[in-house]
Structure formats: C-alpha cells, structure tokens
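Take a look at the letters that make up each chain.
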Amino acid sequence: MSGKMVREAVLRSKNKIQLRDPYGGAQHARLILREHPELGKDVILEIDRGQILCNAYSGCPIRVRFDDGRHRTYSGNEPADHGTETVFLPYSLVTRIAASKRMRVEIPVYENGLQVLEFDVSGFDPSAFKGGGG
C-alpha cells in the first residue's frame, strides 16, 4: 500500500525433514531474508507443515551452526499471528550468512524432536540486498 519496495531473498533447504502424521511427508524448509518498509528487517525460517515449538513462556531456542564452526543458540520469536510453521531469528545473522558457505539450523518440532535443516548460503551478497527496507 505504501508503494515502497519489499525485498526478499529465499533459500530452500538442501535436505528434507520427514515428520510423522498428521504432518507426514518429506518437506524442505525455507530461509527468508526480508527487508520491509513497515515491518523492518527479518530472518525467517519456515516449514510447510508441523509445529515449531515456540511460545511466550519457554521462548524459542534455535541452534545455528555456520560452516564447521561451533553451534550457537539464538532466541527465536514466534510470528505475531502465532503461526506454528514460522520462527523469526535475529537479523544480526545476516552478517554470518554473508561470511559463510553452509548454515545448519536445529529446530524443535512438536512430536518430532529436533530437526536439522541445512542451507547453502555461499554467494549471498548483502550489498545487493540493501536499500529496500526501513
């Protein structure tokens, strides 16, 4: 509505996760980097089906590992609509994404334990992503 540009970069995970019913079937995840003129800058992890365990009481600890480095735990946030297929990660990860070739993210999925998603982040140029958001 504002006429301003929203920029997104979307990566599909290299691997698939297999969840039990009722979320059965193999699925890729998506890593979305978004700059929105009204909503700000976000790093979003999204699955098609399932429930990423995030809530206001226990938080949402998400472990992330770049290349062959040590993992680090970040605090994720659930979306404003309380959807269960999405988690917001700190935007500060963009710097690490730009300096890495591989990113692995471990998420807790309801009744499916910890799931690891791998993304090929080589070649991401953050300078090409600038300028669209608030």
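An account of the accompanying structure is given in this report. (Residues numbered from 1 in each chain as written. Predicted model: local features only at pLDDT ≥ 70, side-chain atom pairs only at ≥ 80, totals over all residues. Heavy atoms only, no water.)

Attention now moves to the overall build of the protein chain. The helix and strand inventory of the protein chain stands at one helix and 10 strands. Starting at the N terminus, the α and β elements of the protein chain follow one another as β-β-β-β-β-β-β-β-α-β-β. Since a compact globule built from 134 residues should have a radius of gyration of about 14 Å, the 15 Å found for the protein chain is in line with a globular shape. Principal-axis analysis of the C-alpha atoms gives the protein chain an extent of 40 × 35 × 30 Å. (Helix = DSSP H or I, 4+ residues; strand = E, 2+ residues; numbered from the N terminus. Rg over C-alpha atoms; globule rule 2.2 N^0.38 Å.)

Once that is clear, we can look at the pattern of salt bridges. A full pass over the atoms with the stated rule returns seven salt bridges. For Glu46, the salt bridge is made with Arg30, and the minimal N-O distance between the two is 3.1 Å. Of the two residues, Glu46 sits in strand 5 (residues 40–47) while Arg30 sits in strand 4 (residues 29–36), which places them 16 residues apart along the sequence. Here Arg30 falls in the partly exposed class, since its relative accessible area comes to 22%. (Salt bridge = Lys/Arg side-chain N within 4 Å of Asp/Glu carboxyl O. Buried < 20%, exposed > 50% of the residue type's maximum accessible area, 1.4 Å probe, protein only.)

Quick look at unusual backbone geometry now. A cis geometry characterises the amide bond from Asp21 onward to Pro22, with omega recorded as 10 degrees. Within the fold, Pro22 resides in the loop between strand 2 (17–19) and strand 3 (25–27). One non-glycine residue with positive phi stands out, namely Asp67, at about 50 degrees. With respect to the helices and strands, the residue Asp67 is situated in the loop between strand 6 (61–66) and strand 7 (72–75). The exposure class of Asp67 is partly exposed, given its relative accessible area of 26%. Backbone geometry at Glu111 places phi at a positive 55 degrees, although glycine is not the residue there. Structurally, Glu111 is set in the loop between strand 9 (102–109) and strand 10 (113–120).

For the rest of this paragraph, the subject is the environment of Arg20. Along the chain, Arg20 turns up in the loop between strand 2 and strand 3. Through-space distance from the C-alpha of Arg20 to that of Ser92 is 33 Å; in sequence the pair is 72 residues apart. The residues touching Arg20, leaving out its near neighbours within four places in the chain, are Glu111 and Asn112. (Contact = heavy atoms within 4.5 Å.)

This part is about the state of the cysteines. Applying the stated criterion across every chain, the model contains one disulfide. Between the sulfur of Cys54 and that of Cys60 lies a disulfide, 1.9 Å long from S to S. As the torsion about the S-S bond is roughly -70 degrees, the Cys54-Cys60 disulfide counts as left-handed. Of the two residues, Cys54 and Cys60, neither departs from the other in class, the shared state being buried. (Disulfide = S-S within 2.5 Å.)

Honestly, it's all geometry; don't read function into it.
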